[in-house]
Amino acid sequence: MGQSKKDLRNRKNKVLEAQGLRVQLTHSGVPVKPTKPTFPCSICKAPMPTMFDTVSHMNKHPKSTYADCFPGLTHPWGSPKNNTVCCYLRNTIDLILLLYNVVC
C-alpha cells in the first residue's frame, strides 16, 4: 500500500524542519506572521510597539534623555534639541521654510 497524502506532507515537513526552512502555518493553512518587535523603556519597562511611540513616550520622562530610556536605539528624527515631539514639528517647519527660500 502506498503512502497517503498526509504521510507525504509529514515527510516533507520533517525534511524542511531539519533544514530550517519550514514555514509555520495556522490551522487553516495560512502562514503565521512574525511578531513585531517591541522597544521596552529601560526606566518604566513599558513596551513600545513602534519607534514613533518611543518619541511620544519621552513626554512621560521629561528629565531623561532618549538614550537613557531606550539604550541602543537612535532617535527616529536624528538628535532633537529636547525630548518632545514639538521639537520635531519646529524642525520640520524650519526645514520647509529653508527649502522654500532656496527654491524661490
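Going by the structure above, here's the rest.
On a predicted model such as this, the values are computed, not experimentally measured, just so you know. (Residues numbered from 1 in each chain as written. Predicted model: local features only at pLDDT ≥ 70, side-chain atom pairs only at ≥ 80, totals over all residues. Heavy atoms only, no water.)

Draft legend 1. Spotlight on the overall build of the chain. What the chain contains, in helices and strands, is four helices and two strands. For the chain, the sequential pattern of α-helices and β-strands runs α-β-β-α-α-α. For the chain, with 104 residues in total, the buried portion stands at 15%. Of all intrachain contacts in the chain linking residues separated by at least 6 positions in sequence, the fraction that spans at least 24 positions is 22%. (Helix = DSSP H or I, 4+ residues; strand = E, 2+ residues; numbered from the N terminus. Buried < 20%, exposed > 50% of the residue type's maximum accessible area, 1.4 Å probe, protein only. Contact = heavy atoms within 4.5 Å.)

Draft legend 2. The environment of Phe39, seen in detail. Along the chain, Phe39 falls in strand β1 (residues 39–40). Take Phe39: its relative accessible area is 18%, and that puts it in the buried class. Sequence separation of Phe39 and Asp53 is 14 residues, and the distance between their C-alpha atoms is 9.2 Å.

Draft legend 3. Region of interest: the state of the cysteines. Across all of its chains, the model carries zero disulfides by this definition. Here Cys41 stays unpaired: no disulfide links it, and the sulfur of Cys44, its closest cysteine neighbor, is 3.8 Å away. According to the relative accessible area criterion, Cys41 is buried, its value standing at 1%. (Disulfide = S-S within 2.5 Å.)

Draft legend 4. The arrangement of helix α1 (residues 5–19) in detail. Relative to the 21 Å expected for 15 residues at 1.5 Å per residue, α1 spans 21 Å between its end C-alpha atoms, a close match to the ideal helical length. Just downstream of α1, Gly20 is the residue with a positive phi angle, here 80°. (Expected span 1.5 Å × (residues − 1).)

Draft legend 5. Representation of unusual backbone geometry within the structure. Within the chain, Lys45 stands out as a residue other than glycine whose phi angle is a positive 65°. Assignment of secondary structure puts Lys45 in the loop between β1 and β2 (47–48). What makes Lys45 exposed here is its relative accessible area of 59%.

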